[in-house]
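So you can see what is in the structure, the chains are spelled out below.
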Amino acid sequence: MKDEKSLKSVHLSSLLEKGLEHSEKYATSVSDLRKKIGEEVFLRGWVYRHRRTGNMAFVVLRDGTGIVQCSVNKDNVKPDEWESANDLYIDSVVNLIGEVREDDRAPDGIEVQVREFGVAFKGEPFPITKDQSTEFLLDMRHLWIRSPKMIDILKLKASVINDIRGFLDEKGFLEVQPPLITGSAAEGGATLFEVNYFDRKAYLSQSGQLYLEAVINGYPLVYGFAPSFRAEPSRTPRHLAEFWQLEAEMAFYNQDMNMKLQEQILEHVAHSEAKNHPDILKRFGRDPQDLLDIQTPFERMKYEKALDILKEKGLDVKWSDGLGMDEEKALMQDRKQPVFLTNQPKEIRAFYMRINPDDPRTVLDADLLAPEGIGEIFGGSERVSDYDELMGRIKEQNLKEEDYQWYIDLRKYGSIPHSGFGIGSERVVRWILKLDSIRDAIPFPRTMNRISP
Ligand code: 4AD
Ligand code: MG
């Protein structure tokens, strides 16, 4: 809470006419009202809802930190103030001075009884009304983004990212910045966005991983947090064309150590969000206890075993078929804990994944599947560190050697065993908040048919 000035005998008009810098000194945030019961406060914000009954006008005000009901009694304000309190649109901007009262009938148990009321900006009738379609809300995202629901999601996402950063920083990781324009594919040619790069073709980065691998030869533990671009032609509730991926790469880590680190991160995020944002979680129908119950170690399930389980559930997946959304859902629907899906066939896995020495049909990989049918939220593997194995994998997958020259080089100088993973931040938020679609986990989603707003 900042140190606000006393409002005793201050008038709204005189407070406002001295400018923003002056009025800022008196302003209170809605989230701080609990600590100011019985005091007078100056509030400014947007009209969230408003209604009138007889001599009372109720203006629910939002300011990004919360919402609060402000009651205007006709007998307590000047006639023009009363009039303006009854001539508002959703999202009109208002200023008011009033006393904070406890009131059981008000949402959240607090109300502000208005002494002075003013409209700073009336505007036009707000185009978003109740019960709009998902598509309409996406078209209106530039206005919908200000809704308390979207702000809740943004707050939780920021906090999740901080959780992960804090965890890795504590462990001695160094944050680095991989490039976003690249010369070749990290995750397969099918989903590359091409860009004109001076007189050449270039691509938007699908992943910073290969670059992080270069950095660990100088510093052993690194991570990057950056946009990843995928020209995914699929329209699913879990794919975006642009998403924010946190990727980590660790020298001298085998796949076991890699999975241990990942499960610790997810457990940390789950527990920290349950403790720090129970209110947001509840508003989205997520019981904080679900997250407190998340506990390491997570089960490791081999692809081979997953096929057996799927067969029992009537889904016949052949060896070397990738597991799609339906399969991941079937595996995870009834589970409360995440599961590592491991050792997938090498044909369907990226060229940089190390061959499993115990079963060379497979690689040393893991997708971390979230509970409740959400599917993959983290993906990672031990990397190929041997020159010949890497050349073999590049050939096998019909990749062009010249596209990976610098990456191959890393296996010639000081090559070491290493592993890493990537976290889809929007997938994690979607799981935590039980969002129907990943599109709500990013402020301005980019999908196959949407680049505006
Ligand atoms: O599984 P992916 O494609 O793996 C990589 O990019 C590796 N280079 C990561 C690494 O080992 N450094 O993507 C990693 C994660 C997925 O688990 C998923 O959570 C998310 O990124 N992701 C997507 N999120 C939203 N939209 C998409 N189209 C996504 N594709 C992957
Ligand atoms: Mg993956």
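Calculation rules
Residues numbered from 1 in each chain as written. Chains lettered and ligands numbered in written order. Predicted model: local features only at pLDDT ≥ 70, side-chain atom pairs only at ≥ 80, totals over all residues. Heavy atoms only, no water. Domains from an automatic or database assignment. Contact = heavy atoms within 4.5 Å. Buried area = accessible area lost by both parts, 1.4 Å probe. Salt bridge = Lys/Arg side-chain N within 4 Å of Asp/Glu carboxyl O. Polar contact = N/O pair within 3.5 Å; in protein donor to acceptor, adjacent residues only side chain to side chain. Nonpolar A, V, L, I, M, F, W, Y, C, P; charged D, E, K, R; others polar. Pairing = 2+ DSSP bridges. Helix = DSSP H or I, 4+ residues; strand = E, 2+ residues; numbered from the N terminus. Axes fitted to C-alpha atoms, helices over the stretch in contact; angles between N-to-C directions. Phe/Tyr/Trp six-rings, centres within 6.5 Å; stacked < 30°, edge-to-face > 60°. Buried < 20%, exposed > 50% of the residue type's maximum accessible area, 1.4 Å probe, protein only. Lys NZ or Arg CZ within 6 Å of the ring centre and 35° of its normal.

*Asks:* How would you summarise the domain arrangement of the chain if you had to cite specific residues and measurements?
*Replies:* According to the domain assignment, the chain contains domain 1 (7-121) and domain 2 (137-441). If you average the C-alpha positions of domain 1 and of domain 2, the two centres end up 46 Å apart. Contacts between domain 1 and domain 2 engage 6 residues on the former and 4 residues on the latter. Among the residues of domain 1 in contact with domain 2, Arg-62, Gly-64 and Asp-91 are the three that bury the most area, contributing 70% of the side total. Across the domain 1-domain 2 interface, the total number found is 1 salt bridge. On the surface where domain 1 and domain 2 come into contact, there are 2 residue pairs in polar contact (both at pLDDT 80 or more). For the side of domain 1 that touches domain 2, the residue count by class is 2 nonpolar, 2 polar and 2 charged.

*Asks:* Tell me about the sheet that holds strand 16 (residues 418-424), and please be specific about residues and values.
*Replies:* Pairing in this open sheet of 8 strands is mixed, and the strands run 6-10-11-16-15-14-13-12 from one edge to the other. In this open sheet, the two strands that pair with only one neighbour each are strand 6 (174-175) and strand 12 (299-302). Sitting on the sheet, helix 6 (residues 148-170) is in contact with strand 6, strand 10 (221-229), strand 11 (242-251) and strand 16, with an inclination near 155° to strand 10. Packed onto the sheet, helix 8 (residues 255-276) meets strand 11, strand 12, strand 13 (339-342), strand 14 (365-370), strand 15 (375-382) and strand 16 and runs at close to 150° relative to strand 15.

*Asks:* Describe the packing of aromatic side chains, with residues and values.
*Replies:* Inspection of every chain in the model, using the stated rule, returns 11 aromatic pairs. Note on Phe-298 and Phe-340: the rings are 6.2 Å apart at their centroids and 40° apart in plane angle, and the pair reads as tilted. Highlighted residues: Phe-298 in the loop between helix 10 (288-292) and strand 12 and Phe-340 in strand 13, separated in sequence by 42 residues. Assigned by exposure class, Phe-298 and Phe-340 land together as buried. A ring pair is formed by Phe-351 and Tyr-352, whose centres lie 5.6 Å apart and whose planes are at 70°; its orientation type is edge-to-face. Exposure class is identical for Phe-351 and Tyr-352. Each is buried. Taken together through their ring pairs, the aromatic side chains of Tyr-211, Phe-351, Tyr-352, Tyr-404, Trp-406 and Tyr-407 make up a single cluster. The ring centre of Trp-319 lies 4.1 Å from the NZ or CZ of Arg-361, which sits over that ring. Sitting over the face of the ring of Tyr-407, Arg-411 holds its NZ or CZ atom 4.2 Å from the ring centroid.

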